[in-house]
Number of protein chains: 2
Amino acid sequence: MELTALDNIKIVTAKESKITSVDFDNLSFGNVFTDHMLVCDYDNGVWGDPEIKPYEPFTMDPSSRVFHYGQAIFEGMKAYKDENNDVWLYRPDQNHERFNKSAVRLAMPEIPEEIFIDGLKKLIEIEQKWVKKGKGNSLYIRPFMIATGHGVVASPSNQYRFCIILSPASAYYSGDVKVVIADHYSRAANGGIGAAKAAGNYSAQFYPTKLANQEGFQQIIWTDDATHTKLEEAGTMNVFFRINDTLYTAPTSERILDGVTRKSIIDIAERDGIDVDVRPVLVSEIVEAAEKGTLKEIFGAGTAAVISPISGFSYKDTYYELPKLQNSFASEIKEKLTNIQYKLAEDTFGWTVKI
Amino acid sequence: MELTALDNIKIVTAKESKITSVDFDNLSFGNVFTDHMLVCDYDNGVWGDPEIKPYEPFTMDPSSRVFHYGQAIFEGMKAYKDENNDVWLYRPDQNHERFNKSAVRLAMPEIPEEIFIDGLKKLIEIEQKWVKKGKGNSLYIRPFMIATGHGVVASPSNQYRFCIILSPASAYYSGDVKVVIADHYSRAANGGIGAAKAAGNYSAQFYPTKLANQEGFQQIIWTDDATHTKLEEAGTMNVFFRINDTLYTAPTSERILDGVTRKSIIDIAERDGIDVDVRPVLVSEIVEAAEKGTLKEIFGAGTAAVISPISGFSYKDTYYELPKLQNSFASEIKEKLTNIQYKLAEDTFGWTVKI
Ligand SMILES: Cc1ncc(COP(=O)(O)O)c(C=O)c1O
Ligand SMILES: Cc1ncc(COP(=O)(O)O)c(C=O)c1O
């Protein structure tokens, strides 16, 4: 066997596990973390050795660039436990690839597979008791990178920290999701960083989302900032529209995140004979379809909620309620996708990776 | 005298000053910090008591929201020492107001004047030996706020930290600045956060700026992202164009930061009989003026460099060199503005504030 950096990974185990103090029946998303994290620092053009160690605070200079210039990117993925107690990752190569695309766009260093993928596997191996069996349960994985270099000068940092933290999650029930279609605010510019999973993209959405919440809507469907005529993303998810029996979703672009759930849905739908049309989706055609009754479903797609059905939308002060369907594409595809993730159905695509 | 929160400000002084180890003749911008900082934490809907204490690292949970969702804003301002050893701030009310506008846009709490302005005055009083006399010397002031709440869920934090750090600065000589006019990348979206001094706006510029650097240009003049036909900002400065004897600059908008230097320049120019036309400036008219020889000057305007003359620009692979002027508006206005800041000329506007 060849020695890789990861065979030499330094592991410092926590004295005690917090797991007994965690109420797994009442988890709120992203609030509890496991006993260990993976940390790897970059300096002088090279990544140091990754280290797995107890989850603990960072010591950060007040002038750290992440605080001032927002050089920060992240990923979101999950690990699942099957009936045989084996733990599985879902398309981790996609998250690794996207992380490196985000890194390039934010002028940050790319991270090698040995650290991102192999490091993650090692970390999860150590934390496998935190992955609970049963559909809906998972271990949410948060790889991220921040600029740790000092100095309040607006240029890329020379130091970075890559880190992976883990948070146990249960089925994400989003409740009744009503959305408003954006006609003023927007999340991404042409030639901007919308396609990167950059920290700064998210805080930009908080205020418009708060305004939507005050009007009784849970999320915003973002439109292109130039014309507000094209439907692009739903909150922090990609978005699908079903008109009659065809699914529509926008092509990825500089303004749209290339979601792993989105592309999995497209592949599953196509495999199983559902028509999918990937092309710009206009607000006007969705409004028209809603009026004619041909708009059957809208749903968001992302790692956290998998598929999140939308019950209605508002556009320029008119509210359009969607029909309640018995056999929705949303629930059919969600079932198929989660069955693959939990190893309850054959993984014809080769998406699952055993730890 | 009324008791304000600031009369009770907690002050812990540093055991030793670092000042003797600082080479004031060879300062590089934003790298050295003074002995103390101001810190104030927000929790549960209220700001705690501000504290001045030795400059030291923060202890931050790996799940702190600033790392994941980029809730981070800042300001940039300067303190100047006059010939009588009095220390002056320049239009601090403008920075405070803009900070709070940024806060609202990022769904962060606004900060009261007692903490931002009075706290800053107190901090500078303590650090006044760090403000060196002589035109060009200053103390750069960096107020900032970061989301310190824990949890990887994409919603506004409940905890924040406001902090002010100080860095001694000498005259900023930017050298020969050639710029490229953006025709693909952009810094801000309609309905986005370009008008906020949000950390995420800056990291978004690093990669395109790196590409420009590789082609031999120091900065980018950003254009509107929808059409790339309107000239909006130069790097992290506002931008002015002189055609014949008129100065042109874009109106502030959702995409453009409302710069204090920019508005000071407009006021000084108007007071002194220079025509200023605040209106969208088209790439086409600047190219045409350059070709006809009526384009006399382009300069950036911002706190760090005050005014930064641009020697030429590239647009779609054609390079336009600007004439070398004897009596440029840039140097004339810079002289007037810095004379006000250093108390060498009468401050007819009431912009300077004594510590
Ligand atoms: C802006 C945005 N769009 C879409 C998605 C969906 O991507 P994925 O399916 O890879 O989780 C995410 C992340 O969850 C996101 O942050
Ligand atoms: C994007 C941007 N534009 C313009 C400016 C100029 O603003 P001010 O003159 O207030 O420093 C700054 C800050 O320096 C900036 O970051």
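- Where an unreviewed UniProt entry is consulted, chain A appears under the name Branched-chain-amino-acid aminotransferase, with the organism given as Flavobacterium enshiense DK69.
- Recorded in UniProt under Sequence similarities (unreviewed entry), the annotation for chain A is "Belongs to the class-IV pyridoxal-phosphate-dependent aminotransferase family."
- Its UniProt record, at the heading Cofactor (unreviewed entry), says of chain A: "pyridoxal 5'-phosphate".

## Let's talk about the interface of chain A and chain B
For an interface, size is often stated in terms of accessible area lost upon the parts coming together.
Then, in step 1: Facing the 60 residues of chain A at the interface are 60 residues of chain B.
Then, in step 2: Here chain A meets chain B over a buried area of about 4,800 Å², counting both sides, of which 64% is carbon and sulfur.
Then, in step 3: Interface area lost by chain A to chain B is led by P62(A), F67(A) and F206(A), which between them contribute 14%.
Then, in step 4: Our count for the contact surface shared by chain A and chain B stands at 0 salt bridges.
Then, in step 5: Remark: the boundary between chain A and chain B carries 24 residue pairs in polar contact (both at pLDDT 80 or more).
Then, in step 6: Taken together, the elements giving at least two residues each to the side of chain A that touches chain B come down to strand 5 (58-60), helix 1 (65-69), strand 6 (72-74), helix 2 (92-105), strand 9 (138-147) and helix 4 (199-214) of chain A.
Then, in step 7: The dominant element in the side of chain A that touches chain B, judged by the number of residues it contributes, is helix 4 of chain A, at 9 residues.
Then, in step 8: Classifying every residue of the side of chain A that touches chain B by side-chain character gives 35 nonpolar, 18 polar and 7 charged.
Then, in step 9: In terms of strand pairing, strand 5 of chain A meets strand 5 (residues 58-60) of chain B through 3 bridges, oriented antiparallel. Opposite M60(A), over in strand 5 of chain B, you have F58(B) as the bridge partner.

## Notes on the site of ligand 1
All names here are of chain A.
Then, in step 1: In the vicinity of ligand 1 there are 15 residues, among which K197, Y202, E233, T261 and T303 approach most closely.
Then, in step 2: The separation between a nitrogen atom of ligand 1 and a polar side-chain atom of E233 is 2.4 Å.
Then, in step 3: Separating an oxygen atom of ligand 1 from a backbone N or O atom of V260 is a distance of 2.8 Å.
Then, in step 4: Here ligand 1 loses 95% of its free accessible area of 380 Å² to cover by the protein chains.
Then, in step 5: Elements with a contribution of two residues or more to the shell around ligand 1: strand 14 (237-243), helix 5 (260-271) and strand 18 (295-302).
Then, in step 6: Residues belonging to the shell around ligand 1 are distributed by class as follows: 5 nonpolar, 6 polar and 4 charged.

## Quick look at the packing of helix 5 (residues 260-271) of chain B against helix 7 (residues 329-341) of chain B
Residues and elements named next belong to chain B.
Then, in step 1: Contact geometry of helix 5 with helix 7 gives a least axis separation of 10 Å together with a crossing angle of 110°. Classed by the angle they form, the pair helix 5 and helix 7 counts as roughly perpendicular. Touching T261, S264, I265, I268, A269 and R271 of helix 5 are I333, K336, L337 and I340, all from helix 7.
Then, in step 2: Among the residues making up the contact of helix 5 with helix 7, the classes are represented as 6 nonpolar, 2 polar and 2 charged.

## Some points on the UniProt feature "modified residue: N6-(pyridoxal phosphate)lysine" (unreviewed entry) in chain A
Then, in step 1: In the numbering used here, UniProt assigns the feature "modified residue: N6-(pyridoxal phosphate)lysine" (unreviewed entry) to K197(A).
Then, in step 2: Leave out the neighbours within four places in its chain, and K197(A) touches A72(A), I73(A), F74(A), E75(A), G76(A), R98(A), S102(A), Y202(A) and L257(A).

## Regarding the pairing of strand 9 (residues 138-147) of chain B
Residues and elements named next belong to chain B.
Then, in step 1: By the criterion of burial, strand 9 is predominantly enclosed, with 10 of the 10 residues buried.
Then, in step 2: The alternating pattern of strand 9 places S138, Y140, R142, F144 and I146 on one face and L139, I141, P143, M145 and A147 on the opposite face, and all of these are buried.
Then, in step 3: Sheet analysis places strand 6 (residues 72-74) next to strand 9, joined by 3 bridges and oriented antiparallel. Pairing of F74 across the sheet is with F144, part of strand 9.
Then, in step 4: Of the strand pairs in this sheet, strand 7 (residues 77-81) and strand 9 are connected by 3 bridges, and their pairing is antiparallel.

## Observations concerning the pattern of salt bridges
Between side chains of opposite charge, pairing is possible as soon as their charged atoms come close.
Then, in step 1: In the structure shown here, the tally under the stated rule is 41 salt bridges over all chains.
Then, in step 2: Salt-bridge contacts for K135(A) lead to E335(A); the nearest nitrogen and oxygen are separated by 3.5 Å. You can see K135(A) sitting in the loop between helix 3 (113-126) and strand 9 and its partner E335(A) sitting in helix 7 (residues 329-341), a full 200 residues away along the chain.
Then, in step 3: Assessed through its relative accessible area of 37%, K135(A) is described here as partly exposed.
Then, in step 4: Of the charged contacts, one joins E285(B) and R279(B) as a salt bridge, the two residues approaching to 2.8 Å between their closest N and O atoms.
Then, in step 5: Judged by its relative accessible area of 25%, R279(B) falls in the partly exposed class.

## Here's the deal with the packing of aromatic side chains
Then, in step 1: This structure, assessed with the given rule, holds 47 aromatic pairs over all chains.
Then, in step 2: Summarising the aromatic geometry, the rings of F67(A) and F58(B) are spaced 5.8 Å apart at their centres and angled 40° between planes, so their arrangement reads as tilted. Here the residue F67(A) occupies a position in helix 1, and F58(B) occupies one in strand 5, the pair thus bridging two chains. Both residues of the pair, F67(A) and F58(B), belong to the buried class.
Then, in step 3: Among the aromatic residues, those joined into a cluster by ring pairs are Y42(A), W47(A), F99(A), F116(A), Y160(A) and F162(A).
Then, in step 4: Just above the ring of F329(A) sits the side chain of R242(A); from NZ or CZ to the centre is 3.7 Å.

## Concerning the relation of the copies chain A and chain B
Then, in step 1: Rotating chain A by 180° and translating it 0.0 Å along the rotation axis places it on chain B, where the RMSD comes to 0.0 Å. Seen this way, the second copy is the image of the first under a two-fold rotation axis.
Then, in step 2: Comparing interface residues between copies, 100% of those in chain A also sit at the interface in chain B, which points to an isologous, same-surface contact.

Basis of the calculations
- Residues numbered from 1 in each chain as written.
- Chains lettered and ligands numbered in written order.
- Predicted model: local features only at pLDDT ≥ 70, side-chain atom pairs only at ≥ 80, totals over all residues.
- Heavy atoms only, no water.
- UniProt positions renumbered as here; feature names shortened; annotations may be inferred.
- Contact = heavy atoms within 4.5 Å.
- Buried area = accessible area lost by both parts, 1.4 Å probe.
- Salt bridge = Lys/Arg side-chain N within 4 Å of Asp/Glu carboxyl O.
- Polar contact = N/O pair within 3.5 Å; in protein donor to acceptor, adjacent residues only side chain to side chain.
- Helix = DSSP H or I, 4+ residues; strand = E, 2+ residues; numbered from the N terminus.
- Nonpolar A, V, L, I, M, F, W, Y, C, P; charged D, E, K, R; others polar.
- Pairing = 2+ DSSP bridges.
- Near = heavy atom within 4 Å.
- Areas by Shrake-Rupley, 256 points an atom, 1.4 Å probe, with all protein chains shown as cover.
- Axes fitted to C-alpha atoms, helices over the stretch in contact; angles between N-to-C directions.
- Parallel < 35°, antiparallel > 145°, perpendicular 65-115°, else oblique.
- Buried < 20%, exposed > 50% of the residue type's maximum accessible area, 1.4 Å probe, protein only.
- Phe/Tyr/Trp six-rings, centres within 6.5 Å; stacked < 30°, edge-to-face > 60°.
- Lys NZ or Arg CZ within 6 Å of the ring centre and 35° of its normal.
- Least-squares fit on C-alpha atoms with pLDDT ≥ 70 in both.

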